[in-house]
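Understanding the architecture of this molecule
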Amino acid sequence: MLQQNIRDFGMYIALLVIVIVFAVATKGVFISPRNISNLINQTGYIAVLAVGMTLVIIIRHIDLSVGFLAGFLGAMAAIALVFWKLPVFVVIPLILGFGILAGLLNGFLVAQMRIPAFVATLAGWLGYRGALQLATVKTGTIIIPNEAFNAIGNGFIPDIPLPGILPGVHKATLLIGFIILAAYVSGAIRDRQKTRAYDFKVPPLNIFVTRLVCTAAVIFLLTWILAGYRGLSWTAVVILIIFLLYHFITTQTVLGRHIYAVGGNPEAAQLSGISVKKITYVVFASMGMLSALSGMLFASRLRSATTQAGTLFELDAIAAAFVGGVSASGGVGKVSGSIIGALVMASLTNGMNLLGVDISYQYIVRAAVLASAVIFDVATRNRTV
Amino acid sequence: MMEKRPVVEMRNIKKNFGGVQALRGVDLVLYKNEVLGLVGDNAAGKSTLMKVLSGAYIPDEGEIFIEGNRVELASPMHARQLGIEMVYQDLALADNLDVAANVFLGRELCRRKIGPLSILDKHAMEQETTRLLDRLKIDIPSVRANVEKLSGGQRQAIAIARATAFNTRVTIMDEPTAALSVAASRKVLDLVRELKAQGNSIIIISHRLEDIYQVSDRLIVLRQGRKVCECPVVGGLDEFREQVLAYIIGARDDFAGGGQEGS
Ligand SMILES: Nc1ncnc2c1ncn2[C@@H]1O[C@H](COP(=O)(O)OP(=O)(O)OP(=O)(O)O)[C@@H](O)[C@H]1O
Ligand SMILES: [Mg+2]
């Protein structure tokens, strides 16, 4: 029981510690509404990768190619917008489609050719890095002048025009925040009641209430801070949609069940009639699509495609997944955890940048966090068995 | 006794692995509502024969009939569709999933479909699992428990329950008691008896002759890829053990010179 809780709460504790340390060290700048809003936008491109990586690690693989794939596809988006002059609503699905193709290629190498994912995607890491440099070779950085595209990484959702009511507060954000809050609380209570009605054990009331209140408080606080600033950013909306979609798939659908089964025992899954190959393809394709999304979020945020875009994203995504409770031995992990993990990684970068920490030390700190997350995983796992 | 209907009939099954002749022309008949014991020394070909029946291996030669119809088993899935279920020697459960999820693995119940996504009906699966485990008198704390947290005996019971859950014609158990304590073994054997009482047809592989003696109606002994004995389980345990051992070690052979080698 305690162990379960340590595994589940480890990342929240990590996040809390990081927030407090940086808040103190930066004399409050870190938790200013402006920085929080910023932080969420910085989390976006890591979070979507981490969600995809979660599934990849659950089925016992790894994808090292996602960083430069994201960088390359971000550059492709810029090229499509700037040189091919395609409209945004064409570019986004097009690039997502490219991402899926790239993912299917990895899936082919891993599932069909039986190349270890580590090697197959390392080739991708190198290949996409080259492709990114080729794409940006003539022009160097490609400036993206498209406002609609740049809004994804920088813009905020429009407010409800209600003159006189709550001036200075972003009412649309407030409304969305309260809808999420209400949905979360009622969902949690209904779930508990249903579980009890079917005679299953539920966690003790005090633990349930504590968890409910803490989560609700965080949602409320975040809503309040964002509504008091410029509202919900489009990036936050993207994270939310990806979270809801993948949370739904992993917890409620046959596909999700099969992904976990393949991760837990591939032989058993195969013998049960689950196609391990198909699941591998689907998971890598989803990873490719999310890499494309990540690349576009990043390019949009910088309003340009750069030669260095995507560098070390894969490390942050993998670290985010491990910090978020994904197990290195496969079969275990949650989408929600990985998004929190992404927040941890983004907070580290953001906080260290605010403090002006030298980039070389930043790499070392991020590596240390990745290592500790895996050590934590192994240590807490071994004791359960 | 009159109408002993065969559920499964395997004729002259041969299987080579490179140079190894794992099966050299084995015949096997399983009748309805019968427990058939399959014994033999290590590497005698027991698992191979059962993997042929469960579609995991394609035989080099031989025919298989299910309730009188000739079938070519192409895959475990195909065999499963025909009602042949195998409980594997190395447990085929996903440790990270709960009991209900394991019982329904690969045949999940769905509420509805949204595009390509089928929505799980978790409640129905949990209820069905509870009912199944109750019917087989299997004692599990909760169908929501991860199987990782269960004992070896409980896990084996779930693997067996899962194999018998869905209109199964034949359940094959490959050493279901091999990794279990005496007490846990007894429970699994009770489960086998319960399954027979409920009308199942079962093939059970074991090295523990007492186990076979306790639950089987009939016995087949394999030796070096050949059937050397086929007989009903009768008489006292000691006599039974002595006889069967003689076949296992090759001191006796009822089918010697039967011409299995040549053709
Ligand atoms: N997949 C395989 N590839 C190569 N050889 C195999 C394979 N499966 C079985 N064999 C060989 O076939 C022979 C029969 O093996 P099998 O596993 O059927 O024996 P068994 O009777 O189940 O033995 P045990 O009691 O040890 O489980 C052995 O010599 C084994 O090495
Ligand atoms: Mg065997």
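Please read these numbers as outputs of a predicted model, since none were measured by experiment. (Residues numbered from 1 in each chain as written. Chains lettered and ligands numbered in written order. Predicted model: local features only at pLDDT ≥ 70, side-chain atom pairs only at ≥ 80, totals over all residues. Heavy atoms only, no water.)

**Let's talk about the overall build of chain B**
Counting its secondary structure elements, chain B contains eight helices and twelve strands. For a compact globule of 263 residues, the expected C-alpha radius of gyration is about 18 Å, and chain B comes in at 19 Å, within 12% of that figure. In terms of overall dimensions, chain B has C-alpha extents of about 60 × 40 × 40 Å along its principal axes. Taking all 263 residues of chain B together, 51% fall into the buried category. Within chain B, contacts between residues at least 6 apart in sequence are counted, and of these 67% link residues at least 24 apart. Carbon and sulfur atoms make up 48% of the accessible area of chain B, which amounts to about 11900 Å² in all. (Helix = DSSP H or I, 4+ residues; strand = E, 2+ residues; numbered from the N terminus. Rg over C-alpha atoms; globule rule 2.2 N^0.38 Å. Buried < 20%, exposed > 50% of the residue type's maximum accessible area, 1.4 Å probe, protein only. Contact = heavy atoms within 4.5 Å. Areas by Shrake-Rupley, 256 points an atom, 1.4 Å probe, with all protein chains shown as cover.)

**Section: the pattern of salt bridges**
Residue and element names in this part refer to chain B. The tally for this structure, following the rule as stated, stands at 21 salt bridges over all chains. Across the pair E63 and R70 runs a salt bridge whose closest N-O atoms are separated by 3.2 Å. Judged by relative accessible area, which is 28%, E63 ranks as partly exposed. The exposure class assigned to R70 is partly exposed, which follows from its relative accessible area of 40%. (Salt bridge = Lys/Arg side-chain N within 4 Å of Asp/Glu carboxyl O.)

**Points about the packing of aromatic side chains**
Taken as a whole, this structure holds twelve aromatic pairs over all chains when the rule is applied. Ring geometry for Y45(A) and F313(A): centres 5.0 Å apart, planes at 25 degrees, overall stacked. One end of the pair, Y45(A), is in helix α2 (residues 33–58); the other, F313(A), is in helix α13 (residues 313–323), and 268 residues separate them in sequence. Owing to a relative accessible area of 12%, Y45(A) belongs among the buried residues under this scheme. Take F313(A): its relative accessible area is 6%, and that puts it in the buried class. Plain terms: the ring middles of F17(B) and Y57(B) are 5.2 Å apart, the flat faces sit at 70 degrees to each other, and that makes the pair edge-to-face. Highlighted residues: F17(B) in strand β1 (residues 6–17) and Y57(B) in the loop between α1 (46–53) and β4 (61–66), separated in sequence by 40 residues. Look at Y57(B) and you get partly exposed, because its relative accessible area is 25%. Above the ring of F208(A), the side-chain terminus of R192(A) is found at 4.6 Å from the ring centroid. (Phe/Tyr/Trp six-rings, centres within 6.5 Å; stacked < 30°, edge-to-face > 60°. Lys NZ or Arg CZ within 6 Å of the ring centre and 35° of its normal.)

**Observations regarding the interface of chain A and chain B**
How big an interface is tends to be expressed through the accessible area that disappears when the partners come together. Taken together, the contacts link 27 residues of chain A with 31 residues of chain B. With both chains or domains summed, chain A and chain B bury close to 2300 Å², and 63% of this area falls on carbon and sulfur atoms. At the surface where chain A touches chain B, the tally comes to zero salt bridges. Mapped by element, the contributors of at least two residues to the side of chain A that touches chain B are α9 (234–252), α10 (254–264) and α11 (266–271) of chain A. Of all the elements, α10(A) adds the most residues to the side of chain A that touches chain B, at eight residues. (Buried area = accessible area lost by both parts, 1.4 Å probe.)

**Focus: the nonpolar core**
Counting 106 residues, the largest nonpolar core has M53(A), I95(A), F149(A) and I242(A) as the members making the most contacts within it. For this core, the leading source of residues is α2(A), giving 15 residues. Ignoring anything within four residues of it in the chain, the contact list for F149(A) reads A77(A), L81(A), V88(A), I144(A), M296(A), A299(A) and S300(A). In this structure, L93(B), A100(B), L133(B) and L219(B) belong to the second largest nonpolar core, which totals 50 residues. (Core = buried A, V, L, I, M, F, W, Y, C linked by side-chain atoms within 4.5 Å.)

**Notes on a positive patch on the surface**
A contiguous patch of positive charge on the surface is contributed by R190(A), K194(A), R111(B), R112(B) and K122(B). Only α7 (171–197) of chain A together with β7 (110–114) of chain B provide two or more residues apiece to the positive patch. Its location among the elements puts K194(A) in helix α7. The class of K194(A) is partly exposed, set by a relative accessible area of 46%. (Patch = residues over 30% accessible without salt bridge, like charges linked within 9 Å, V, L, I, M, F, W, Y side chains within 5 Å. Lys, Arg positive; Asp, Glu negative; His and termini not counted. Charge placed at Lys NZ, Arg CZ, Asp CG, Glu CD.)

**Some details on the site of ligand 1**
Residue and element names in this part refer to chain B. The environment of ligand 1 is formed by 15 residues, the closest being N42, K46, S47, T48 and H207. Between N42 and ligand 1, the recorded distance is 2.7 Å, taken from a side-chain N or O atom to an oxygen atom. For ligand 1, an oxygen atom lies 2.7 Å from a polar atom in the side chain of S47. Taking 630 Å² as the accessible area of ligand 1 by itself, protein coverage stands at 65%. Every element with two or more residues in the shell around ligand 1 is listed here: β2 (20–31) and α1. Among the elements that take part in the shell around ligand 1, α1 stands out by supplying three residues, more than any other. Partitioning the shell around ligand 1 into residue classes produces six nonpolar, six polar and three charged. (Near = heavy atom within 4 Å. Polar contact = N/O pair within 3.5 Å; in protein donor to acceptor, adjacent residues only side chain to side chain. Nonpolar A, V, L, I, M, F, W, Y, C, P; charged D, E, K, R; others polar.)

**Concerning the sheet that holds β4(B)**
Residue and element names in this part refer to chain B. Strand order across the open sheet formed by four strands is β2-β1-β4-β5, with antiparallel pairing between neighbours. In this open sheet, the two edge strands, each paired with only one partner strand, are β2 and β5 (69–71). Neighbour to neighbour, the strand axes of the sheet diverge by 25 degrees on average, direction disregarded. When β1 meets β2, the two strands line up antiparallel, connected through nine bridges. Within β2, the position partnered with K15 by the bridge is L23. Along the sheet, α1 makes contact with β1, β2 and β4, crossing β1 at roughly 120 degrees. (Pairing = 2+ DSSP bridges. Axes fitted to C-alpha atoms, helices over the stretch in contact; angles between N-to-C directions.)

**What to know about the state of the cysteines**
Within this structure, the stated rule accounts for zero disulfides over all chains. Left unpaired, C231(B) is separated from the closest cysteine sulfur, that of C229(B), by 3.5 Å. (Disulfide = S-S within 2.5 Å.)

**Quick notes on the sheet that holds strand β12 (residues 226–232) of chain B**
Residues and elements named next belong to chain B. Strands sit in the order β6-β9-β10-β3-β11-β12 across an open sheet of six strands; the sheet is mixed. Of all the strands in the sheet, just β6 (84–87) and β12 have a single pairing partner and so form its edges. Pairs of neighbouring strands in the sheet enclose a mean axial angle of 20 degrees, with direction left out of account. The pairing of strand β3 (residues 35–40) with strand β10 (residues 201–205) spans four bridges and is parallel. Residue L38 lies in a different strand from β10, and its bridge partner there is I205. In the packing of helix α5 (residues 152–164) onto the sheet, the strands contacted are β6 and β9 (170–174), and the crossing angle to β6 comes to about 175 degrees. In the packing of helix α6 (residues 182–197) onto the sheet, the strands contacted are β3, β9 and β10, and the crossing angle to β10 comes to about 155 degrees.

**Thoughts on the side chain of N106(A)**
Residue and element names in this part refer to chain A. When you line up the elements, N106 lands in helix α4 (residues 88–112). Given a relative accessible area of 3%, N106 falls into the buried group. When near neighbours in sequence (up to four residues on either side) are disregarded, N106 contacts D63, S65, A120, T121 and F284.

As far as function goes, none of this settles anything; it's purely spatial.
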